[in-house]
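Take a look at the letters that make up each chain.
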Amino acid sequence: MSLSSPLRRVLGYGSARGGAAHWYSQRVTGLALVLLGSWFVLSLACLDGATYENVSQWLSSPASSTLMVMLVVVVAWHAALGLQVIVEDYVSSSGLRAAVLVAVKFALVAAAVLGVLAVLRIAFGVAA
């Protein structure tokens, strides 16, 4: 006697087709956010009272700009994973669910690109 559904036997997928990967990705990005967020907060604490030029100079260093780009990308990725779960759980209409998921992913990609470009612009000293 098997507990798997006939559809699962035909398709060879589990119940959610990747729920474990999604869960694992959320945990990995969460851990990365703890590490990168701690770095960011400690760095800002060390820059207490610094001027705009000092902060720009700090962000111009390769290590700081690389970690900041990583922070922006991981925040967007983690937000996309979390919002996907919320939308899938609470939006009942499949058409509306698809539209909201596309809009959320588009907005997060746009925000991540803008954030990365802002960091790179400061890192390479491009004037406004």
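The rules behind each value
Residues numbered from 1 in each chain as written. Predicted model: local features only at pLDDT ≥ 70, side-chain atom pairs only at ≥ 80, totals over all residues. Heavy atoms only, no water. Axes fitted to C-alpha atoms, helices over the stretch in contact; angles between N-to-C directions. Helix = DSSP H or I, 4+ residues; strand = E, 2+ residues; numbered from the N terminus. Parallel < 35°, antiparallel > 145°, perpendicular 65-115°, else oblique. Contact = heavy atoms within 4.5 Å. Nonpolar A, V, L, I, M, F, W, Y, C, P; charged D, E, K, R; others polar. Expected span 1.5 Å × (residues − 1). Buried < 20%, exposed > 50% of the residue type's maximum accessible area, 1.4 Å probe, protein only. Arc of directions from axis to C-beta. Core = buried A, V, L, I, M, F, W, Y, C linked by side-chain atoms within 4.5 Å.

Draft legend 1. View of the packing of helix H4 (residues 62–90) against helix H5 (residues 94–123). In the contact formed by H4 and H5, the axes pass within 9 Å of each other and the chain directions differ by 170°. Of the possible angle classes, the one that applies to H4 and H5 is roughly antiparallel. Here Ser65, Met68, Val69, Val72, Val73, Ala76, Ala79, Ala80, Leu83, Gln84, Val87 and Glu88 of H4 come into contact with H5, specifically with Arg97, Val100, Leu101, Val104, Lys105, Leu108, Ala112, Gly115, Val116, Val119, Leu120 and Ala123. Its residues assigned to classes, the contact of H4 with H5 comprises 18 nonpolar, three polar and three charged.

Draft legend 2. Geometry of H5. Over its 30 residues, H5 runs 43 Å from end to end, which matches the ideal 44 Å to within 8%, given 1.5 Å per residue. Those residues of H5 lying buried are Leu101, Val104, Leu108, Ala112, Gly115, Val116, Val119 and Ala123.

Draft legend 3. Up close: helix H3 (residues 52–60). Within H3, the full set of buried residues consists of Ser56, Trp58 and Leu59. The buried side chains of H3 occupy one side of the element, clustering within an arc of 160° when seen end-on. In H3, the exposed residues that point more than 90 degrees away from the buried face are Glu53 and Gln57.

Draft legend 4. The nonpolar core, seen in detail. Among the nonpolar cores identified, the biggest contains nine residues, and these are Leu36, Trp39, Leu47, Trp58, Leu59, Met68, Leu71, Val74 and Val119. Secondary structure elements with two or more residues in this core: helix H2 (19–46), H3 and H4. At three residues, H4 tops the list of elements feeding residues into this core. Residues contacting methionine 68, with those up to four places away along its chain left out, are Trp39, Phe40, Trp58, Leu59 and Val119.

Draft legend 5. Summary view of the environment of valine 87. Counting through the fold element by element, valine 87 comes out in helix H4. For valine 87, a relative accessible area of 9% translates into the label buried. Placed 13 residues apart in sequence, valine 87 and valine 100 show a C-alpha to C-alpha distance of 7.4 Å. Setting aside residues up to four positions removed in sequence, valine 87 forms contacts with Arg97, Val100 and Leu101.

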